[in-house]
Amino acid sequence: MTITTETPEQWRDLQQMVAAILREAGMNAEVEKTLPTVRSRIEIDIYSVETTDDGRRYSLVCECKNWKTAVPQEKVLALRSVMNDVGANKGYIISTGGFQSGAFDAAAATNISLVTWPEFQAEFEQLWFRKHFSPVITEKLDTLVGYVEPVGVPSWWHSLSEDGVVQFRKLLYKYALFGFLAQSLSSYALEFRKHDVPKLPLAEHAPGLLLRATGKKFEPVPNSVATATGYRQLMDEMLRVNDEALSAFHFVRDNFKKA
């Protein structure tokens, strides 16, 4: 599982992608931040600060190495020095080329984590899902969920012509299971699920969320959603399908009114 399947091409891409995850996880992440140290000033790839619910300040620094070669011990020692100078609570070196054995030795028994790009995502997966994915799905798909929920109909349904009701039902059958999936991934559902983050792709690991065998009238969740292998890709596909569905429903609302 991964937040995104996208691979950074340049080191600045890696910087921006790391910073985006931290911001979406609720932190204040600054790229190429210059900070004062005991001896001078130093530029850090990413400096991130989070204020906890009880008012405590937690800071972390990230160094992004989009290299083809392994990161040596010297880079870890340098980050240890920087962290001591700026008082950071946690440090990450994110490398696309791995690490030399000496680097792991230098990071041992410290608050520095040496991680690959997928490993960095895994560390923030739960927090990102709770702070970003679920709130976005909850907010953006709320209207559609209201249209397809099994109890009740939208207020404008009562003004539809007979043909309009027929068209509405066709859309209901088309998007009802998708709406159920949206509800299952919403912030509300997180309070009741044992596991916060479902494994991807949903078609393989969470078929129950797709309810493919509900009945012939109901269309399955779109394949692009069911087979997404990254959470950001899943979110983007769900937003796309949502826009498509709302456009179809609103066309019926605006063009099939009672005489």
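One structure accompanies this document, and this report is about it. The structure presented is a predicted model; accordingly, all values stated were derived computationally and were not measured.

1. What about the side chain of Ser-186?
Inspection of the secondary structure assignment puts Ser-186 in the loop between helix H6 (162-184) and helix H7 (187-190). Separated by 2.8 Å, the side chain of Ser-186 and the backbone oxygen of Gln-183 make a polar contact. Excluding residues within four positions of it along the chain, Ser-186 makes contact with Ser-134 and Thr-138.

2. Focus: the pairing of strand S4 (residues 90-95)
Both faces of the sheet carry side chains from a regular strand, because those side chains alternate between them. Burial within S4 is extensive, with 6 of its 6 residues counted as buried. Of the two faces of S4, the one carrying Lys-90, Tyr-92 and Ile-94 and the one carrying Gly-91, Ile-93 and Ser-95 are both buried. Inspection of the sheet shows strand S3 (residues 57-65) paired to S4 by 6 bridges, in the parallel sense. Paired with Lys-65 across the strands is Ser-95, a residue of S4. Taken together, S3, helix H2 (residues 73-86) and S4 constitute a β-α-β crossover, and its handedness is right-handed.

3. Brief notes about the environment of Thr-5
Its place among the elements puts Thr-5 in the segment before helix H1 (11-24). Expressed as a C-alpha distance, the spacing of Thr-5 and Arg-39, which sit 34 residues apart in the sequence, is 41 Å. Excluding anything up to four places from it in sequence, Thr-5 contacts Thr-229, Gly-230 and Gln-233.

4. Brief notes about the sheet that holds S4
Taken in spatial order, the 5 strands make up an open sheet running S1-S2-S3-S4-S5, and their pairing is mixed. Both edges of this open sheet fall to strand S1 (28-36) and strand S5 (112-115), since each of them pairs with a single strand only. Averaged over neighbouring strand pairs, the angle between their axes works out to 30° when direction is ignored. Pairing of S4 with S5 involves 4 bridges; the strand directions are parallel.

5. Observations regarding the packing of aromatic side chains
In this structure the tally under the stated criterion is 15 aromatic pairs. Seen in terms of ring centroids, Phe-129 and Tyr-231 are 5.7 Å apart; in terms of plane orientation they differ by 80°. Their pairing is edge-to-face. With Phe-129 in helix H4 (residues 117-140) and Tyr-231 in helix H11 (residues 231-255), this pair connects stretches of sequence that are 102 residues apart. The pair formed by Phe-129 and Tyr-231 is uniform in burial state, with each residue classed as buried. Between the aromatic rings of Tyr-175 and Phe-249, the centroid separation amounts to 6.4 Å while the plane-to-plane angle is 50°, which identifies the pairing as tilted. Here Tyr-175, found in helix H6, pairs with Phe-249, found in helix H11; they are 74 residues apart in sequence, far enough to count as distant.

6. Description of the pattern of salt bridges
Any two side chains of opposite charge can pair, on the condition that their charged atoms come close. The tally for this structure, following the rule as stated, stands at 8 salt bridges. Put simply, Glu-237 and Arg-240 hold a salt bridge, and the shortest N to O gap is 3.0 Å. Remark: Arg-240 and Glu-237 occur in helix H11; sequence separation between them is 3 residues, near one turn of the helix. With relative accessibility at 39%, the residue Arg-240 sits in the partly exposed group. Salt bridges sharing common partners tie together Glu-237, Arg-240 and Glu-244.

7. Digging into the pairing of S1
Note: S1 against strand S2 (residues 41-51), 8 bridges, orientation antiparallel. Each bridged residue has a counterpart across the sheet, and for Asn-28 the counterpart in S2 is Val-49. Hairpin connection, S1 to S2: the antiparallel pair is bridged by 4 residues.

Reading the values: the criteria
- Residues numbered from 1 in each chain as written.
- Predicted model: local features only at pLDDT ≥ 70, side-chain atom pairs only at ≥ 80, totals over all residues.
- Heavy atoms only, no water.
- Helix = DSSP H or I, 4+ residues; strand = E, 2+ residues; numbered from the N terminus.
- Polar contact = N/O pair within 3.5 Å; in protein donor to acceptor, adjacent residues only side chain to side chain.
- Contact = heavy atoms within 4.5 Å.
- Buried < 20%, exposed > 50% of the residue type's maximum accessible area, 1.4 Å probe, protein only.
- Pairing = 2+ DSSP bridges.
- Right-handed = clockwise from strand over helix to strand, strands pointing away.
- Axes fitted to C-alpha atoms, helices over the stretch in contact; angles between N-to-C directions.
- Phe/Tyr/Trp six-rings, centres within 6.5 Å; stacked < 30°, edge-to-face > 60°.
- Salt bridge = Lys/Arg side-chain N within 4 Å of Asp/Glu carboxyl O.

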